[in-house]
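Listed below, chain by chain, are the residues.
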Amino acid sequence: MLYLAHKLLKRELAKDLKERLISSPDWVDGRETALGRAKQIKRNFQLKLGDSYKNFTREILEILRNDSSLQAYAMPTKFFSILFSRTGEGMFYGPHCDMPHHANGRRDLSFTIFLNDSSEYEGGELILNIPPLRQSIKLNAGEIIVYPTKYLHEVLKVTSGERFVCVGWIQSQISSDLDRDILWTMRKGLSELKKIQNSESAFETLNLAYFNIYKRFMD
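Being a predicted model, the structure only gives us computed values, none of them experimental. (Residues numbered from 1 in each chain as written. Predicted model: local features only at pLDDT ≥ 70, side-chain atom pairs only at ≥ 80, totals over all residues. Heavy atoms only, no water.)

Draft legend 1. Geometry of the sheet that holds strand 13 (residues 143–148). Taken together, the seven strands give an open sheet; going across it, the order is 1-13-9-16-5-4-2, and neighbouring strands pair in antiparallel fashion. Strands at the two margins of the open sheet, each flanked by one partner only, are strand 1 (4–7) and strand 2 (27–29). Each strand axis lies, on average, 30° off the axis of its neighbour in the sheet, ignoring direction. In the sheet, strand 5 (residues 76–87) pairs with strand 16 (residues 163–172) via nine bridges, with the strands oriented antiparallel. Counterpart to Phe-84 in the pairing with strand 16 is Cys-166. (Pairing = 2+ DSSP bridges. Helix = DSSP H or I, 4+ residues; strand = E, 2+ residues; numbered from the N terminus. Axes fitted to C-alpha atoms, helices over the stretch in contact; angles between N-to-C directions.)

As structure tokens, this is what we get:
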């Protein structure tokens, strides 16, 4: 599976979060937080560190930790380096790859939570370069995409309106993308098997195999 995209929170909650973010006075030029080449290819506003940032981050982390689909797909050890971003008209983030490791943890997976609807701005697509594909992603309020950090990616220029997102990184219990994908596929199969009548014995046998493979793949 190349990436996971699904509804993380209700649209009304996402829009409420966006409105509260807008009212914060703590937005700064995103280049202030950038290092090296990123200063030349990044144009956005980000919420700076402070009490407001801490409160919003705490809220996002609680949502992430309680999402069963995300837990099954990412098998997270931790979420870290949460960022809140506004990309207005003429702003963008050019093609780049994220550093594989941060002081807070290993970057196995990246995520973007969309906080406003795609109809509210033009442009601003998240582009994932997954050879031989070039995948364009533009989701609606409350939806999340999670993908391996290894991909070259970019945010296209916003031509009208404003794009609001929350982004961050995940250190997984399973460092290998392939191993993680195998476990995710098995988990989905087990979920389907559990729905079948008189499948309890088969489910428990395969579930035991799943947990043993999980332990073998863990760091």
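Draft legend 2. Quick look at the pattern of salt bridges. Applying the stated criterion to the full structure yields 14 salt bridges. Note that Asp-29 and Arg-31 form a salt bridge whose closest N and O atoms lie 2.8 Å from each other. Judged by relative accessible area, which is 25%, Asp-29 ranks as partly exposed. Exposure remark for Arg-31: the relative accessible area of 32% places this residue in the partly exposed category. (Salt bridge = Lys/Arg side-chain N within 4 Å of Asp/Glu carboxyl O. Buried < 20%, exposed > 50% of the residue type's maximum accessible area, 1.4 Å probe, protein only.)

Draft legend 3. Focus on the nonpolar core. Judged by nonpolar contacts, the single largest core of 31 residues is most densely connected at Leu-64, Phe-84, Phe-111, Ile-113 and Val-146. Those elements that place two or more of their residues in this core are helix 1 (11–22), helix 3 (51–65), helix 4 (68–74), strand 5, strand 9 (109–114), strand 13 and strand 16. Ranked by residues supplied to this core, first place goes to helix 3 with five residues. Each residue touching Ile-113, except ones within four places of it in the same chain, is listed here: Leu-8, Leu-9, Ile-60, Leu-64, Glu-143, Ile-144, Phe-164, Val-165 and Cys-166. Counting 14 residues, the second largest nonpolar core, distinct from the first, contains Ile-130, Leu-139, Val-155 and Val-165. (Core = buried A, V, L, I, M, F, W, Y, C linked by side-chain atoms within 4.5 Å. Contact = heavy atoms within 4.5 Å.)

Draft legend 4. Focus on the packing of helix 5 (residues 177–194) against helix 6 (residues 200–217). Put simply, helix 5 and helix 6 touch, their axes get as near as 10 Å, and they point 165° apart. Overall, the two elements helix 5 and helix 6 adopt an arrangement that is roughly antiparallel. Handedness of the crossing formed by helix 5 with helix 6: left-handed. Each of Asp-179, Ile-182, Leu-183, Met-186, Arg-187, Leu-190, Leu-193 and Lys-194 in helix 5 lies in contact with helix 6, whose residues at this interface are Ala-202, Phe-203, Leu-206, Asn-207, Ala-209, Tyr-210, Ile-213, Tyr-214 and Phe-217. When the residues that make up the contact of helix 5 with helix 6 are grouped by side-chain class, the tally is 13 nonpolar, one polar and three charged. (Parallel < 35°, antiparallel > 145°, perpendicular 65-115°, else oblique. Left-handed = near helix turned anticlockwise from the far one by under 90°. Nonpolar A, V, L, I, M, F, W, Y, C, P; charged D, E, K, R; others polar.)

Draft legend 5. Inspection of the environment of Gly-90 at higher detail. Within the fold, Gly-90 resides in the loop between strand 5 and strand 6 (92–96). A relative accessible area of 35% places Gly-90 in the partly exposed class. Once residues lying within four places of it in the same chain are set aside, the contact partners of Gly-90 are Lys-157 and Val-158.

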